[in-house]
Amino acid sequence: MTRRPLVAGNWKMNGSLASLAEVAAMGGAYDVALKARVELIVCPPATLVAMAVEVATRLGIGLGGQDCHVDASGAHTGDISAEMLKDAGASYVIVGHSERRADHGETDAIVQAKAAAALRAGLTPIVCVGETRAEREAGDALAVVGAQIDGSLPADAPDTIVVAYEPVWAIGTGLTPTPADVAQMHAFARERIEQRLGGGKSVNVRILYGGSVKPANAQELMSIANVDGALVGGASLTAKDFVAIADAYRLIGALSA
Ligand SMILES: O=C(CO)COP(=O)(O)O
């Protein structure tokens, strides 16, 4: 089992050219020892991906997009393809974030097609899943996430794909599930990913936790079995908080299966 933790920052619709200074500021604390321990990537708005490449690459920080179209090119005004993100210097792309599922009506089938598009372009998709508050309260969290995994992962995806469990009710609210609930969901997700992909691939698939990850709770959340890193929203906008989250890995031992 060789899963390298991944801490990914999702800037959402935030950031300007001036924000590239935050990327530059991540470099100082992301030192050789931390690089050996955890992979760090930033997913800024598409307008900034190409601009961020030089500084990010120099600091050993990866770049990702936040969405991609299913097609490589064509008459889709306002959309961006996975190939364009790759061309701009990205190596990852988030697909199926709950905000896109809600704002743009993205279904599991669309998310799966986007994940396949990412793979076609040579990007690693970060496929997001997660239940709403109502679904958790109804006792349906596992069933909902299981169905999203079935529907959103291409069946032939390689074990390099990343899955992010983001309970919708934990995003931007300061609320997080209990460690026991996170452990249960991540163990369940790994089993379900195995059923979906087969061939023992799930042991290598990184499953991130997302939703109100902050420096103060990072160590507790990242220490949970089957949590292979974090997808961070608000706290990824400032270098200090974002690197402090990755820094939790200095204190965490080898990841447990
Ligand atoms: O949606 C998220 C990351 O994709 C999580 O956002 P917050 O970290 O702001 O809760």
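Placed above this text is the structure.
This text gives an overview of the structure that appears in the document. For every chain, the first residue of its written sequence is number 1, and the numbers climb from 1 along that sequence. Local features in a predicted model are, by the rule used here, given only for residues with pLDDT of at least 70; side-chain atom pairs are given and counted only at 80 or more, and totals for whole chains, interfaces and linings are based on all residues. With hydrogens and water excluded, all non-hydrogen atoms of the structure serve as input to the side-chain values.

## Comments concerning the pairing of strand E1 (residues 6-10)
This is how the line gets drawn: The buried label goes to any residue with under 20% of its type's maximum accessible area, the exposed label to any with over 50%, and the partly exposed label to all in between, with areas taken from a 1.4 Å probe on protein chains only. Starting at the N terminus, helices and strands are each numbered in turn, a helix being any DSSP run of H or I of at least four residues and a strand any DSSP run of E of at least two. Any two strands between which DSSP finds at least two bridges are classified as paired.
The element E1 is extensively covered by neighbouring structure, given that 5 of its 5 residues are classed as buried. Here E1 shows a buried face lined by Leu6, Ala8 and Asn10 and a second buried face lined by Val7 and Gly9. Summarising the sheet, E1 and strand E2 (residues 39-43) pair through 5 bridges and their orientation is parallel. Along E2, the bridge assignment pairs Val7 with Leu40. As paired strands, E1 and strand E8 (residues 229-232) are joined by 4 bridges and run parallel to one another. By the bridge assignment for E8, Val7 is matched with Ala230.

## Thoughts on the site of the ligand
Under the convention used in this document: We call a residue near a molecule or strand when any one of its heavy atoms sits within 4 Å of it. Residues adjacent in sequence count toward polar contacts only when both atoms are side-chain atoms; beyond that, a polar contact is any pair of N or O atoms within 3.5 Å, and within protein one must be able to donate a hydrogen and the other to accept it. Residues are sorted three ways: Asp, Glu, Lys and Arg are charged, Ala, Val, Leu, Ile, Met, Phe, Trp, Tyr, Cys and Pro are nonpolar, and all the rest, Gly among them, are polar.
Close contacts around the ligand come from 13 residues, with His97, Glu166, Gly172, Ser212 and Gly234 the closest. Contact between the ligand and Gly172: an oxygen atom at 2.7 Å from a main-chain N or O atom of the residue. Taken together, the residues that form the shell around the ligand break down as 4 nonpolar, 7 polar and 2 charged.

## Things to note about unusual backbone geometry
For Lys12, which is not a glycine, the phi torsion comes out positive at approximately 55°. Among the secondary structure elements, Lys12 is positioned in the loop between E1 and helix H1 (20-29). Judged by its relative accessible area of 21%, Lys12 is partly exposed. For Asn226, which is not a glycine, the phi torsion comes out positive at approximately 70°. Among the secondary structure elements, Asn226 is positioned in the loop between helix H10 (215-222) and E8. What makes Asn226 buried here is its relative accessible area of 8%.

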